[in-house]
Every structure is written in C-alpha cells, then in structure tokens.
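Listed below are the residues making up each chain.
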Amino acid sequence: MYTEKVMDHFSNPRNVGEIENPDGVGEVGNASCGDIMKIFLTVEDNIIKDVKFKTFGCGAAIATSSMVTELAIGKTIDEALELTNSAVADALDGLPPAKLHCSNLAADALHEAIKNYKEKQV
Amino acid sequence: MKRIYMDNNATTAVRPEVLEAMLPFFREQFGNPSSVHWAGRAVSGAVEKAREQVAKMINCSAAEVVFVSCGSEGDNLAILGTADALKDRGNHIITTAVEHPAVLNTCEYLEKRGYEVTYLPVDRDGMLDLADLEAAITEKTILISVMWANNETGNIFPMEEIGRIARKYKVRFHTDAVQSVGKIPVDVQAASVDLLVISGHKLGAPKGVGAIYIRRGTKLTQLLHGGHQERNRRAGTHNVAGIVGLGLACELAAAEMEEASGRIRKLRDRLEQGIVAAVPEIKLNGHPTQRLPNTLNVSFAYIEGESLLLNFDMKGIAASSGSACTSGSLEPSHVMGAMCVDVVLAHSSTRFSLGHDNTEADVDYVLEVLPPIVQRLREMSPLYNRKEPMTCEECQVIRKVSTVNEG
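Here's what I pulled together on the structure shown here.

Let's shift gears to the overall build of chain B. Looking only at helices and strands, one finds 13 helices and 13 strands in chain B. Here the C-alpha atoms of chain B give a radius of gyration of 22 Å, agreeing with the 22 Å that 2.2 N^0.38 yields for 407 residues. Its C-alpha atoms give chain B principal-axis dimensions of about 75 × 55 × 35 Å. The 407 residues of chain B split such that 60% are buried. Accessible area for chain B stands at about 16800 Å²; split by element, carbon and sulfur atoms hold 53% of it. A distance of 4 Å separates the average location of the 43 positive side-chain charges in chain B from that of its 50 negative side-chain charges.

To continue, consider the overall build of chain A. Scanning chain A for helices and strands turns up 5 helices and 3 strands. Written out in order from the N terminus, the α and β elements of chain A read α-β-β-β-α-α-α-α. On C-alpha atoms alone, chain A measures out to a radius of gyration of 13 Å, which is about the 14 Å that the 2.2 N^0.38 rule sets for 122 residues. With respect to the three principal axes, the spread of C-alpha positions in chain A is 45 × 30 × 20 Å. For chain A, buried positions account for 53% of its 122 residues. Sequence separation of at least 24 residues holds for 61% of the intrachain contacts in chain A that already meet a minimum separation of 6. Taken as a whole, chain A presents about 5100 Å² of accessible surface, with 47% of it coming from carbon and sulfur. Here chain A contributes 11 positively and 19 negatively charged side chains, and the mean placements of these two sets differ by 2 Å.

A word on the sheet that holds strand β2 (residues 65-68) of chain B. Within a sheet, adjacent strands bond to each other through the backbone by hydrogen bonds, running parallel or antiparallel. All names here are of chain B. The strand order β2-β8-β7-β6-β5-β3-β4 describes an open sheet built from 7 strands, whose pairing is mixed. Bordering the open sheet on either side are β2 and β4 (116-120), each of which pairs with just one other strand. Neighbour-to-neighbour, the strand axes of the sheet open up by a mean angle of 20°, direction not taken into account. As defined by bridge partners, strand β7 (residues 195-199) adjoins strand β8 (residues 210-214) across 5 bridges and the pair is classed as antiparallel. For Leu 196, the partnering residue across the bridge sits in β8 and is Tyr 213.

What follows concerns the interface of chain A and chain B. The partner chain B presents 28 residues to the 30 residues of chain A that form the contact. The junction of chain A with chain B conceals about 2100 Å² of combined surface from both sides, 62% of it contributed by carbon and sulfur atoms. In this assembly, chain A and chain B are joined by 1 salt bridge. Measuring nitrogen to oxygen at the nearest pair gives 2.7 Å for the salt bridge that ties Lys99(A) to Glu306(B). Inspection of the chain A/chain B interface yields 8 residue pairs in polar contact (both at pLDDT 80 or more).

How two aromatic rings sit relative to each other is given by the distance of their centres and the angle of their planes. All names here are of chain B. On inspection of all chains with the given rule, the structure shows 3 aromatic pairs over all chains. Ring geometry for Phe 312 against Phe 352: centres 5.9 Å apart, planes inclined by 45°, an arrangement best described as tilted. With Phe 312 in helix α8 (residues 305-314) and Phe 352 in strand β13 (residues 350-353), this residue pair connects regions lying 40 residues apart in the sequence. Across the pair, Phe 352 and Phe 312 agree in class, each one buried.

Along helix α1 (residues 4-11) of chain A, the positions that sit buried rather than exposed are Val6(A), His9(A) and Phe10(A). All buried residues of α1(A) fall inside an arc of 105° around its axis, so they share one side. Contact partners of the buried residues in α1(A): α2 (59-72) of chain A together with α8 and α12 (360-380) of chain B.

Moving on, we come to the packing of α1(A) against α8(B). Two elements in contact, α1(A) and α8(B), have axes whose closest approach is 11 Å; the angle formed by their N-to-C orientations is 95°. Viewed along their axes, α1(A) and α8(B) adopt a mutual orientation that is roughly perpendicular. Only Ser307(B), Leu310(B), Asn311(B) and Met314(B) of α8(B) make contact with α1(A), whose side of the interface consists of Met7(A), Phe10(A) and Ser11(A). Grouping the amino acids of the contact of α1(A) with α8(B) by side-chain chemistry returns 4 nonpolar, 3 polar and no charged.

Looking now at the pattern of salt bridges. The full count for this structure, using the stated rule, is 19 salt bridges over all chains. Linking Glu73(B) and Arg234(B) is a salt bridge whose minimum nitrogen-to-oxygen distance equals 2.7 Å. Taken as a pair, Glu73(B) in helix α3 (residues 71-85) and Arg234(B) in the loop between β8 and α7 (240-278) lie far apart in primary sequence, 161 residues in all. For the pair shown, Glu73(B) and Arg234(B) are each scored as buried. Here the salt bridges do not stand alone but share partners, grouping Asp8(A), Arg14(A) and Glu70(A) into one network.

Residue and element names in this part refer to chain B. Taking strand neighbours across the sheet as the criterion, the 4 strands line up as β9-β10-β13-β12 in an open arrangement whose pairing is antiparallel. Each having just a single partner strand, β9 (282-285) and β12 (320-321) make up the two edges of the open sheet. Of the strand pairs in this sheet, β12 and β13 are connected by 2 bridges, and their pairing is antiparallel. In the sheet register, Ser 320 faces β13, and the bridge partner there is Arg 351. In the packing of α7 onto the sheet, contacts are made with β9, β10 (295-300) and β13, and the angle to β10 comes to roughly 15°.

So, about the nonpolar core. Residues and elements named next belong to chain B. Ile 144, Trp 148, Ile 162, Leu 196 and Leu 246 are the most contacted members of the largest nonpolar core, which totals 79 residues. Broken down by element, the residue count for this core peaks at 11 residues, all from α7. Viewed by domain, this core spans two of them, domain 1 (4-9 + 258-406) and domain 2 (16-253), each represented by three or more residues.

Residue and element names in this part refer to chain A. Taking 1.5 Å per residue as the helical rise, helix α5 (residues 106-121) with its 16 residues ought to reach 22 Å, and the 23 Å between its terminal C-alpha atoms agrees with that figure. Turning to α5, its buried residues are Ala 106, Ala 107, Ala 109, Leu 110, His 111, Ala 113, Ile 114 and Tyr 117. Where α5 is buried, its residues meet β1 (24-30), β2 (35-44), β3 (47-56), α2, α3 (77-81) and α4 (85-91).

The rules behind the values
- Residues numbered from 1 in each chain as written.
- Chains lettered and ligands numbered in written order.
- Predicted model: local features only at pLDDT ≥ 70, side-chain atom pairs only at ≥ 80, totals over all residues.
- Heavy atoms only, no water.
- Helix = DSSP H or I, 4+ residues; strand = E, 2+ residues; numbered from the N terminus.
- Rg over C-alpha atoms; globule rule 2.2 N^0.38 Å.
- Buried < 20%, exposed > 50% of the residue type's maximum accessible area, 1.4 Å probe, protein only.
- Areas by Shrake-Rupley, 256 points an atom, 1.4 Å probe, with all protein chains shown as cover.
- Lys, Arg positive; Asp, Glu negative; His and termini not counted.
- Charge placed at Lys NZ, Arg CZ, Asp CG, Glu CD.
- Contact = heavy atoms within 4.5 Å.
- Pairing = 2+ DSSP bridges.
- Axes fitted to C-alpha atoms, helices over the stretch in contact; angles between N-to-C directions.
- Buried area = accessible area lost by both parts, 1.4 Å probe.
- Salt bridge = Lys/Arg side-chain N within 4 Å of Asp/Glu carboxyl O.
- Polar contact = N/O pair within 3.5 Å; in protein donor to acceptor, adjacent residues only side chain to side chain.
- Phe/Tyr/Trp six-rings, centres within 6.5 Å; stacked < 30°, edge-to-face > 60°.
- Arc of directions from axis to C-beta.
- Parallel < 35°, antiparallel > 145°, perpendicular 65-115°, else oblique.
- Nonpolar A, V, L, I, M, F, W, Y, C, P; charged D, E, K, R; others polar.
- Core = buried A, V, L, I, M, F, W, Y, C linked by side-chain atoms within 4.5 Å.
- Domains from an automatic or database assignment.
- Expected span 1.5 Å × (residues − 1).

The structure is reproduced here in structure tokens:
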C-alpha cells in the first residue's frame with residue numbers, strides 16, 4: 001500500500017520533536033478525521049535553519065510530516081512557501097489515493113508555521 | 001521474523017484437517033451434486049453430510065440449512081428476502097447501530113425503497129436496552145435483526161431474551177452469527193431464531209462459503225434465481241469443496257469448543273491484563289464480561305490506529321483497528337461512535353482477536369513489543385504531554401482521558 005520511501009520516513013521519522021522558543025509554530029488538522037500536525041521553526045536571515053514536528057495520525061501523516069521537514073530545512077521563507085502538499089507526496093514517491101486527502105497536510109502545517117513567524121516579525 | 005496472527009475476527013487460517021477433507025473434491029470427486037450419474041452421486045452425499053454437521057452445531061434439522069457463498073449473502077438473503085416476502089404485512093425493520101455493514105447497508109438500501117428501519121442505540125459498553133427494542137415494535141414490524149456477537153468489541157447480545165420478545169410480538173428474528181458460531185455455543189431453538197447466518201472462513205473453513213439457517217415454514221424470497229438447488233432457496237452450483245470444509249469445521253469447532261474457548265479466553269485475559277498493567281491512559285472498549293472469549297478491543301490515548309498497526313506489522317503482529325484510515329472512510333468505526341467513544345480514542349481502537357494457533361509465548365511477545373511502540377508514537381504526538389492549552393478539538397481528548405479505564 002505504501003511506497004518504500006513512505007515506510008522509511010514512517011519507521012525512521014526525521015526531525016521529530018519540539019523546538020524550545022521557536023520562531024514560528026503551525027498546527028493543522030482535525031481530530032475527527034484522525035490527523036493533527038504541528039510544525040516548529042527556527043529562522044535565521046530569512047532561511048529556515050531548523051524544523052521539528054509532532055504528528056498524531058496514520059502512516060502517511062507521519063511520513064509526510066517527516067518529509068516536509070527535510071524539504072524545508074535550508075530553504076528561504078519564500079521557497080518554503082512554494083512547497084505544496086502534492087510536492088511532499090511526490091517526494092515520497094506518491095501516496096495511496098485515499099491518503100491524498102486528509103493525511104497530506106504537512107505543507108499546510110509548514111505554511112501555518114511561516115505565517116506565525118511572519119506575524120511575530122511585525 | 002516472528003509472525004503472530006491476532007486478527008481471527010477478520011478471517012482464520014483454513015484448518016489443516018479441513019483442507020485435507022476438501023482436497024478430493026477438487027480432484028476425483030469433481031462431480032456436480034445435481035447430476036444423477038456416478039460422479040454426481042458421489043458428491044451429493046458429501047454435501048448432505050456437511051448439511052447435517054452444520055445443523056448439529058446450531059441445533060436444527062439439516063433441511064433448514066441452506067448453503068450460500070458468504071456471510072454477506074446470507075444477511076442479504078435474510079433481510080431482502082424477508083422484506084419482499086412480507087411486504088404485504090409491513091415495511092418496518094428493527095436492527096442495531098452496531099451491526100456489520102452486511103446488515104446496515106442492506107437496511108439502508110431498503111430505506112431508499114420505502115422501508116422504515118429503526119437502528120437501536122447501544123450504551124457505553126456497547127449493549128442494548130431491550131426496553132428500546134420492545135418499544136420500537138409496531139404493527140408494521142416484519143423483522144428484528146440483531147447480531148449474535150459484535151465483530152469489533154466481541155460483545156454478545158442476549159439472544160434468548162430478544163428471541164422471547166420477537167416471539168411475543170410474532171416478529172421474525174434474524175441474527176448475523178458470523179462471529180459467534182465456532183467461538184461460543186449457538187442454539188437456534190433456545191434463542192428462538194428464525195434466520196441465522198454463518199460464515200465459513202471465520203471458523204477454520206475457507207473463504208467463499210457460508211450457510212443460512214431458515215426455520216421451517218419461513219417464507220423468504222430468493223435472491224439468486226436459476227436452478228433448483230437448495231430446495232429453490234438459493235440457485236447456483238454447489239461449492240462442494242467449500243461446503244465439505246464448512247461442515248467439518250463446524251463439527252471440529254463444536255467438539256473442541258469448551259476446551260478451546262477456555263484456553264483462548266485465558267490467553268486473551270493475559271493479554272488484556274498485561275496491557276492494562278503496562279500502558280497508562282488506555283480504554284477497554286466493549287462489555288467487560290458479556291464478550292467473546294477471543295476478542296480484546298482497546299484504545300490508546302493520543303495515538304492513531306493505523307500507525308499503531310503498521311508498527312505492529314513491522315514486528316510481525318497482525319491486529320486490526322477502528323481508525324478511519326483502516327476503515328476506508330473518513331470516519332472512525334461506527335461501532336465506537338455508537339458507544340460514544342471519543343473520536344480520538346476511536347481512531348486508536350485496536351482489536352486483538354485470538355485464535356486456535358495462538359500461544360502464551362505469542363501473548364508475551366505482544367506484551368513485550370507493544371508498550372515501547374505506544375510510547376514512541378505518543379512522544380511523536382502533539383496531543384501528548386502538552387504544555388500550552390488545548391484547542392477546542394483537542395479538548396475532546398482530554399475530556400475523554402479523564403474517563404479512561406472505566407470500561
């Protein structure tokens with residue numbers, strides 16, 4: 001059902017945890033459909049230096065969370081805002097059709113965290 | 001890697017002696033039991049023997065047993081067949097909110113065609129209030145359909161009392177007994193059942209065969225039209241090998257029931273007590289005692305069922321979950337919903353259903369690998385050990401965890 005890459009990120013998720021005093025935090029999801037994702041950011045000179053995540057959800061939810069952290073680290077804020085949920089799914093060599101809907105919100109969580117960072121800057 | 005199968009409510013392995021008994025019917029005994037010649041005669045005896053084996057197990061006469069292809073077909077025949085045969089008498093059916101989809105979706109199909117269906121609620125333990133049942137019966141009620149035991153929780157419903165109510169009001173009584181036949185004693189006379197459905201693959205026979213008990217004199221419109229097989233109750237060439245397998249599986253299960261259910265119950269209880277002792281913040285789902293001896297359903301707060309199952313799978317353990325991700329819909333289990341289990345706990349509801357092949361070593365292995373898996377997923381969950389206040393949706397989790405371990 002899941003690709004090898006999904007299972008790799010699911011069984012060895014990258015960047016799990018929280019950042020103390022993060023520059024941005026974003027949370028998306030819905031308990032009733034079974035996925036909640038929370039992303040923490042450290043930003044320096046407009047570049048994402050560190051990302052950590054915590055996720056309640058299925059295999060796809062955990063794998064996409066892990067993947068989005070890898071994709072985001074080192075990117076500028078503008079580059080990170082261009083990351084889409086489907087780009088995250090593609091980086092995992094795809095997700096089963098049923099999972100493209102509610103388990104594929106990791107980029108949204110990242111964008112929420114960036115929004116939170118920008119709000120703090122003003 | 002160790003392979004531990006604890007999903008016997010989903011399906012069971014075909015028992016070796018059952019497979020052996022079936023094999024000749026793929027080879028030399030290939031005949032069609034409806035044929036008059038030697039090839040057919042040899043086979044029709046085997047079908048009738050299996051019919052007697054099934055009948056003996058549920059305490060009816062062989063003529064009241066009709067072979068079908070699966071449990072779903074049996075439930076469809078019982079419900080649709082009754083709805084059509086009794087349409088001049090009424091259009092009301094009473095069932096429960098926790099039935100298998102084979103019953104629920106069949107009832108919904110009838111609702112779209114002008115029938116009325118009452119779905120009886122269950123309490124937090126998943127049990128019915130029989131006063132609700134009695135109150136729901138009207139002059140238009142043509143069928144009461146209540147499963148003998150629930151597939152997710154293992155809850156056993158009070159069949160004899162429901163049967164008495166059905167008799168009192170002269171309403172036909174159907175039960176989906178797919179999960180109970182082979183696990184606990186099932187007696188159609190004691191329970192005053194009119195229609196009862198059995199599935200082969202739940203008790204060590206292969207997939208693709210089942211049976212329905214139809215009490216003598218029960219008017220039922222057939223689903224499959226065609227030949228005159230099964231006394232015109234069900235057309236279609238017999239699945240001879242499958243039927244032979246079902247017959248033997250029933251005979252074996254009946255002979256071993258007392259010993260097997262005692263042994264499996266002990267293992268299930270060991271697993272349950274082990275999980276309760278090792279993992280905090282869990283909720284046992286279902287009735288504490290009125291339950292199949294092999295079934296344990298437990299929710300682990302803060303984590304989601306599919307990721308739990310995948311982790312179990314990586315350790316060779318096969319179980320199942322009520323999470324939306326494993327049900328193929330966006331909603332978690334309807335059974336957990338009907339029991340008012342909080343939505344987040346419903347997503348983590350995990351069913352272990354033990355079987356003949358499980359050992360104490362299997363249980364101990366599960367108890368060894370489960371707590372660290374749960375802990376690892378909890379550490380990863382934004383709902384676990386939160387410092388800041390919950391959002392509204394997450395409040396549900398907290399509210400529920402305070403009532404954890406009640407059931």
